Amino acid sequence: MAENREETLANFQNITAIDDVGEAIYLLEESNWDLLTAIHKVIPQDDPPMENPPPYSVASSSMATEKLNLNNLDVTSNSSVEPMAGTPSSSLPVSIVYNIPATNSRTAGPSTSSNNGFFSDAQQRPKDVNFTIHFNNRMHNIVISDHATMGELKTRIYEATNVPPCRQALKGFMPFRHRDAQNAQAILKNLNVARDNVLDLTDLTDLTDDGDSPSRLNETFNLNINIQPEGRTIPLKYPGSQTILEVKSDVFSITDIAVRHQVWLGWPDNVSNDTSLAQSGIDLEHNLVLKSAESSSSKKSQRQMRSNNSTIELDSESSMEEYEDASEDFNADDDLFAESPPQNRLNYLMPDQVSDEIIGSIEFVQNYIQRYGEPHPEFYQGTLSDALAEACHKPAKDRKLLAIYLHHDSSVLTNVFCGQLLSCESIIQTLMHNFILYGWDLTFESNKNMFLSAITGAIGTPASITVRNIPIDRLPAILIISKSRSNCEVFSVIHGNVGVDDLLSQLMESIDLYTEQQRVEIREESERAAREQVLMEQDMAYRESLEADRAKEEAKKRREQMLATERKRLESEKAEQEARRIAIRLEAERTLPAEPDANHPAGVTKIRVRKPSGDFLERRFTADTKLNILLNYITSVGFPVAEYKMFSGWPRKDLTTMNTEDTLKNLRLCPQETVILEER
């Protein structure tokens, strides 16, 4: 089954010209390893084939061709098709071969053929593709043939928008073909573009005086570098200020392909080594292909020279250029640290198969001191996650760089690096004041795997890949880790083939670059803290306002409750008073004698009572009636003596203050009198 899949994969790559093995396997997996289905996904058939095509044969030796131009394509029509026996010539189809000029094996790969190797007319007939370009709140409609290239499409976009092709950032292609869409030679038909497409155009020409886009300088660019012929992809992250030469230098430290031997595909045409990523015009996610221009024979001779020399002597005056090409090409998954540990050492810095990170770290420090003595740098003892937290997971002003020293006893550079460089007082002081130094021994495979798992969990897969790609002959190495925003990443890698001055200068350069970045983050944290302080003060003021409103509401409710209580009390008192008045009135009415006749033998007096309202009441009393009976009468009609005074007409006197046992006759209220009621 594995052999069948390898054969299917090889056939699929030959037919579709897809060099990326991972991409080819991904397409075959999607098609359940059905070769025909996978090919149709890459090179779709515009029109379905005829169910019963008429049979015909082709005489390739006597083919007569006619040339005609169609949409800038070299089209060859086949006119020597001989009908098979029994087939009328009128029903014979005409096959047309489009001879498209080859651009490269990736973008202009061979198309599928039918019927003895000739392309069908339905498959290769040019069709129009509609593009709607959104730019500066305007839409530009472009109609172009599907046999045109991306370069021709960008030229049409330039004619419509005046944005140069090298500064056009197009978004809207299917993610699977986004890498091909960056290639100016890619043919639209091979990109599987739809009949109608909507793309967003970004103009990258809005640059500052030094050529960098302010917004893109702070962006992080994700570069996916496909190493050929291995087929492996290395993802790298860089700030927009990074230059292309710096990227190439970092790739050299990872792949061991010297900068002068690097052949790149995917960079824009108008860039140089001094061009920054922000200035280059690439997208934030960009795909590149890297090949080595170094001949295989020279590599073979280098490997032969290395195998013939048992030892390599390092001269302090030799430069890195003398041996940077001496490292052999290797497969990161199979050959990394493949050499067996040396057998002539009595005590390794870490024994094989340490039980955990803490024990391994402690034994590393103890054995390092025992082997190399004083002076020595101070190593952090604990797990890698704890060391990372001590260095990076702090406020920006308290952060340091994390330096991971990677040791390997199989490297000839180890004794010089540890005995001379790491024992230098200036190096020790620089590491002590600016770094948290963590050490690990990669000599044994078990310890290497433990470290790779730890660094993957603490920092991420790119850091693990960086460690995997360091060859043994460039160990020991110092991996510098920094925290940018919220992510920890590899800041730089210092290999063991350096001198004291180079090591110190690279450490100081890392410190200076990180200090600039740290200053920005400190300012941002201060601004963020100030904003949080303002928000906290606003929240506090808001809570105080809520408390004040709540207190006012409670005070209002209490007042309303007090008023309601007082109202109830007054109503209750008023009801009680009314009840008392009614009782007094009824009692006074009960004690009144009957009104006498006008001819009563004891004599009669008529009393007129003027009420406060001005109305009058009249009643007859006998002359010997006592004053209290008159007062009771006044009370019975609703004017109690406790609330009203009663005055006689002339001379005016307050009758309520007189002796109530006196008779009306003695008080000279006979034979008639008018009394006046007034409120007290």
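Structure first, text after, so check above.
Residues numbered from 1 in each chain as written. Predicted model: local features only at pLDDT ≥ 70, side-chain atom pairs only at ≥ 80, totals over all residues. Heavy atoms only, no water.

1. A look at the overall build of the chain
Then, in step 1: Assigned secondary structure in the chain consists of 17 helices and 21 strands.
Then, in step 2: Across the chain, contacts joining residues at least 24 apart in sequence account for 65% of those joining residues at least 6 apart.
Then, in step 3: When the accessible surface of the chain is summed, it comes to about 37,500 Å², and 49% of that surface belongs to carbon and sulfur atoms. (Helix = DSSP H or I, 4+ residues; strand = E, 2+ residues; numbered from the N terminus. Contact = heavy atoms within 4.5 Å. Areas by Shrake-Rupley, 256 points an atom, 1.4 Å probe, with all protein chains shown as cover.)

2. Quick notes on the sheet that holds strand β19 (residues 616-622)
Then, in step 1: Pairing is mixed across the open sheet formed by four strands, whose spatial order is β19-β18-β21-β20. The sheet is open, and its two edges are formed by β19 and β20 (644-647), each paired on a single side. Direction aside, the axes of adjacent strands within the sheet are offset by 25° on average.
Then, in step 2: Bridge count for strand β18 (residues 604-610) against strand β21 (residues 672-679) is five bridges, and the pairing is parallel. Bridged to lysine 606 within β21 is glutamine 672.
Then, in step 3: Along the sheet face, helix α17 (residues 627-636) touches β18, β19, β20 and β21 and points at about 150° away from the line of β19. (Pairing = 2+ DSSP bridges. Axes fitted to C-alpha atoms, helices over the stretch in contact; angles between N-to-C directions.)

3. Observations regarding the sheet that holds strand β7 (residues 138-145)
Then, in step 1: Pairing in this open sheet of four strands is mixed, and the strands run β7-β6-β9-β8 from one edge to the other. In this open sheet, the two edge strands, each paired with only one partner strand, are β7 and β8 (168-171). Averaged over all pairs of adjacent strands, the angle between strand axes in this sheet comes to 30°, irrespective of strand direction.
Then, in step 2: Where strand β6 (residues 128-135) and strand β9 (residues 196-203) come together, five bridges link them in parallel fashion.

4. Things to note about the nonpolar core
Note on soluble globular proteins: their nonpolar side chains tend to be buried together.
Then, in step 1: Counting residues in hydrophobic clusters, the biggest one holds 54 residues, and the most contacted among them are Tyr368, Leu402, Ile404, Tyr405, Phe451, Ile455 and Leu503.
Then, in step 2: Of all the elements, strand β14 (residues 401-407) adds the most residues to this core, at six residues.
Then, in step 3: Among residues more than four places away in sequence, those in contact with isoleucine 455 are Leu384, Ile404, Gly460, Ala463, Ser464, Val467 and Leu479.
Then, in step 4: Counting residues in each nonpolar core, the second largest holds 19 residues, with Phe621, Leu631, Ile634 and Leu677 among its members. (Core = buried A, V, L, I, M, F, W, Y, C linked by side-chain atoms within 4.5 Å. Buried < 20%, exposed > 50% of the residue type's maximum accessible area, 1.4 Å probe, protein only.)

5. Side note on the environment of asparagine 666
Then, in step 1: Position of asparagine 666 relative to the elements: it lies in the loop between β20 and β21.
Then, in step 2: For asparagine 666, a relative accessible area of 57% gives the class exposed.
Then, in step 3: When the C-alpha positions of asparagine 666 and lysine 626 are compared, they lie 9.3 Å apart, and in sequence the two are 40 residues distant.
Then, in step 4: At 3.1 Å, the side chain of asparagine 666 and the side chain of threonine 663 are in polar contact. (Polar contact = N/O pair within 3.5 Å; in protein donor to acceptor, adjacent residues only side chain to side chain.)

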